[in-house]
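Letter by letter, the chains look like this.
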Amino acid sequence: MSSQDKPLPFVYQFAAGAIAGVSEILVMYPTDVVKTRQQLATESIGMVQTFQNIIRSEGPGRLYRGILAPILMEAPKRATKFAANDSWGKVYRNAFGAQKMTQGLSILTGATAGATEAFVVVPFELVKIRLQDKASGGKYAGPGDALMKIIKNEGPMALYNGLESTLWRHILWNAGYFGCIFQVRQLLPAAESKKSQIGNDIIAGSVGGTVGTIVNTPMDVVKSRIQNSPKVAGVVPKYNWAWPSVFMVLREEGFGALYRGFAPKVLRLGPGGGILLVVYTGVMDWFRQMGVGSK
Ligand SMILES: *[C@@H]1O[C@H](CO)[C@@H](O)[C@H](O)[C@H]1NC(C)=O
């Protein structure tokens, strides 16, 4: 029996998603630091070079700088991702009178789960970006300090700076992720053992994570830039709305700039998507074996 078979109550979906998220981040965090640095740089520096530069000039500890915010964030964020996917799936199946999930519904469900996730994620993301950036990183002692200073100096609404680009980023990623998982699970031979189910989920989740990353990377690049611009009263920031920013970067810096940071990102979110799906499915199956949620 796998996680598609029997829906569990929301709280179990949420818990399984949280456990999956924390597992993923502990393994994958350092690649995210490298990605943000590459995106904020105005010249193109390779991934390995960026890794080496950070270790040499700032020490290896810097690769885990800012991990507290994402650890605190990954739990609610991944929990929201999976619980929202399961819940919206139910809503859409009822709304369209569909007995089963279809390819189209899985993309729609994923997109809506992504929009839901964006609202949870955006304040945490803003703090993380500020801490990871070399120029603004020194201004803050840690996530709590950054949060206080941003609210004090820029106002509480500044925490929702970048909501629009974050919405686009998560809608695109989750539509790709959940849409591909549905498709790849259909294509793979049915799993007959625990081991082959893990294998299937690694493949389906990694393909989903990779495709999601390919479609959303330009949005991720402009989101980093939008969130890294401090709000100054009366001045319209250079990077403001998502799609115009995409076209501005394209015009000023070329197509490659929209995929800056792609390598470490896809290396993280491809396998990361696999880890998430395996842990989520495993924990959900374990909950079912424990008999939770059954009447
Ligand atoms: C997403 O939600 C749908 C609908 O509830 C479900 O069938 C599918 O298994 C979920 N996907 C994952 C990866 O949990």
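It should be emphasised that the depicted structure is a prediction, and the values quoted were computed from it without experimental measurement.

(A) How the structure looks around the environment of Phe119. Among the structural elements, Phe119 can be located in helix 4 (residues 103-132). Overall, Phe119 belongs to the partly exposed group, its relative accessible area being 45%. With 51 residues separating them in the primary sequence, Phe119 and His170 have C-alpha atoms 9.8 Å apart. With residues up to four places along the chain from it excluded, the contact list for Phe119 reads Tyr160, Leu163 and Leu167.

(B) Representation of the site of the ligand. Close to the ligand lie 10 residues; Asn85, Asp86, Arg93, Met101 and Leu277 are nearest. Within the backbone of Asp86, one N or O atom sits 3.3 Å away from an oxygen atom of the ligand. Arg93 places a polar side-chain atom, nitrogen or oxygen, 3.5 Å from an oxygen atom of the ligand. Taking 360 Å² as the accessible area of the ligand by itself, protein coverage stands at 87%. Those elements that provide at least two residues to the shell around the ligand are helix 3 (68-95), helix 7 (163-187) and helix 11 (262-289). When residues of the shell around the ligand are assigned to their parent elements, the largest contribution, 4 residues, is made by helix 3. Of the residues contributing to the shell around the ligand, the split by class is 4 nonpolar, 3 polar and 3 charged.

(C) Representation of the nonpolar core. One finds Ala16, Phe82, Tyr177, Leu277, Tyr280, Met284 and Phe287 to be the most contacted residues of the largest nonpolar core, which totals 19 residues. Listed by contribution, the elements that provide at least two residues to this core are helix 1 (10-40), helix 7 and helix 11. Per element, the largest residue contribution to this core is 8 residues, and it comes from helix 11. Other than its neighbours up to four places away in sequence, Phe82 contacts Gly17, Tyr177, Phe178, Leu276, Leu277 and Tyr280. Core analysis: the second largest hydrophobic core is formed by 10 residues, Val222, Ile226, Ala242 and Leu258 among them.

Criteria and cut-off values
- Residues numbered from 1 in each chain as written.
- Predicted model: local features only at pLDDT ≥ 70, side-chain atom pairs only at ≥ 80, totals over all residues.
- Heavy atoms only, no water.
- Helix = DSSP H or I, 4+ residues; strand = E, 2+ residues; numbered from the N terminus.
- Buried < 20%, exposed > 50% of the residue type's maximum accessible area, 1.4 Å probe, protein only.
- Contact = heavy atoms within 4.5 Å.
- Near = heavy atom within 4 Å.
- Polar contact = N/O pair within 3.5 Å; in protein donor to acceptor, adjacent residues only side chain to side chain.
- Areas by Shrake-Rupley, 256 points an atom, 1.4 Å probe, with all protein chains shown as cover.
- Nonpolar A, V, L, I, M, F, W, Y, C, P; charged D, E, K, R; others polar.
- Core = buried A, V, L, I, M, F, W, Y, C linked by side-chain atoms within 4.5 Å.

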